[in-house]
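Residue strings, one per chain:
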Amino acid sequence: MTAHADPPTDPELHTELTEERYQELVEQVEGRRVVSLVLWETSLADPEGGRVPGEERAVFDMDLYLENRTCLELYGVHVHRHPSELPLRGLDQLGTIGADLVTQGIWLDEIASTEDGGLVLILARHREPRLYLDVGGWSLGEWDRLPGGS
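Because the structure is predicted, anything quoted here is derived from the model rather than measured.

S.K.: Explain the environment of E55 here, please?
M.R.: Relative to the elements of secondary structure, E55 occurs in the loop between strand 2 (32–40) and strand 3 (60–66). Each C-alpha atom of the pair E55 and R130 lies 21 Å from the other, and the pair is 75 residues apart in sequence.

S.K.: Which parts of the structure should I look at to understand the side chain of D109?
M.R.: Position of D109 relative to the elements: it lies in strand 5 (residues 106–113). You can call D109 buried: its relative accessible area is 15%. Beyond its immediate chain neighbours, meaning those up to four positions away, D109 contacts E30, G31, I122, A124 and R127.

S.K.: Sorry, what's going on with the pattern of salt bridges here?
M.R.: Proximity of charged atoms lets side chains of opposite charge pair with each other. Scanning the entire structure with this criterion turns up six salt bridges. Here the salt bridges share partners, and the residues they tie into one network are E20, R21 and E24.

S.K.: Teacher, can you tell me more about helix 2 (residues 91–104) here?
M.R.: Residues separated by three or four positions in an α-helix point in the same direction, a consequence of the helix having 3.6 residues per turn. Taking 1.5 Å per residue as the helical rise, helix 2 with its 14 residues ought to reach 20 Å, and the 20 Å between its terminal C-alpha atoms agrees with that figure. Within helix 2, the full set of buried residues consists of L91, L94, G95, I97, G98, L101 and V102. Projected onto a plane normal to the axis of helix 2, the buried residues spread over an arc of 170 degrees and lie on a single side. Residues D92 and T103 are exposed on helix 2 and point more than 90 degrees away from its buried face. Looking at the packing, one finds that the buried side of helix 2 touches strand 2, strand 3, strand 4 (70–80), strand 5 and strand 7 (128–135). One or two positions beyond helix 2, positive phi appears at G105, with a value near 105 degrees.

S.K.: I keep staring at the packing of aromatic side chains and nothing clicks. Help me out?
M.R.: For any pair of aromatic rings, the description consists of the separation of the ring centres together with the inter-plane angle of the planes. Within this structure, the stated rule accounts for one aromatic pair. Considering the side-chain rings of Y65 and W143, the 6.2 Å spacing of their centres and the 70 degrees angle between planes classify their relative orientation as edge-to-face. In this pair, Y65 sits in strand 3 while W143 sits in the segment after strand 8 (137–142), placing the two residues 78 residues apart along the sequence. Comparing Y65 with W143 shows no difference in burial state: the two are buried. Here the basic side chain of R33 rests over the ring of W107, its NZ or CZ set 5.9 Å away from the ring centre.

S.K.: Which parts of the structure should I look at to understand the pairing of strand 3?
M.R.: Consecutive side chains of a regular strand alternate in pointing toward one face of the sheet and then the other. Counting buried residues in strand 3 gives seven out of seven residues, a clear majority hidden from the surface. Side-chain alternation along strand 3 places F60, M62, L64 and L66 on one buried face and D61, D63 and Y65 on a second face that is also buried. Two strands pair when backbone bridges link them, and strand 2 and strand 3 are joined in this way by five bridges, in the antiparallel orientation. Residue pairing in the sheet places S36 in a bridge with Y65 of strand 3. Here strand 3 pairs with strand 4 via five bridges, running antiparallel. For L64, the partnering residue across the bridge sits in strand 4 and is L72.

About the cut-offs
- Residues numbered from 1 in each chain as written.
- Predicted model: local features only at pLDDT ≥ 70, side-chain atom pairs only at ≥ 80, totals over all residues.
- Heavy atoms only, no water.
- Helix = DSSP H or I, 4+ residues; strand = E, 2+ residues; numbered from the N terminus.
- Buried < 20%, exposed > 50% of the residue type's maximum accessible area, 1.4 Å probe, protein only.
- Contact = heavy atoms within 4.5 Å.
- Salt bridge = Lys/Arg side-chain N within 4 Å of Asp/Glu carboxyl O.
- Expected span 1.5 Å × (residues − 1).
- Arc of directions from axis to C-beta.
- Phe/Tyr/Trp six-rings, centres within 6.5 Å; stacked < 30°, edge-to-face > 60°.
- Lys NZ or Arg CZ within 6 Å of the ring centre and 35° of its normal.
- Pairing = 2+ DSSP bridges.

Pasting the structure below:
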């Protein structure tokens, strides 16, 4: 698990899960193994001019590197262990959880939506949901090398 200081500032950012975007995500990322997960120390959702301390962070920006060389850049993410629970807090806590799940084997199991058209990603191990990512915005890209030089 790697934490980076600042997220990219010019991605093609999607914020609404239209039928077209849903189909694109199903085809490109659903059912793919997550081979690396990177958390950012800041978020595009942070208050302007303010920095949220890592232990207080409840909104995250992260990159999911998938087995098919797709990178899913996620912005303004609330991470839940169960949809009815409060979001997880703390950069270190989520970093540890994410690193453990990637090591054990985690898949982007399902693409879902909120009632208002927001994106929800369900990360699972052996088809058992482990994390629910309520995503504010996202961008798709490709990766050549994993973080850390792999």
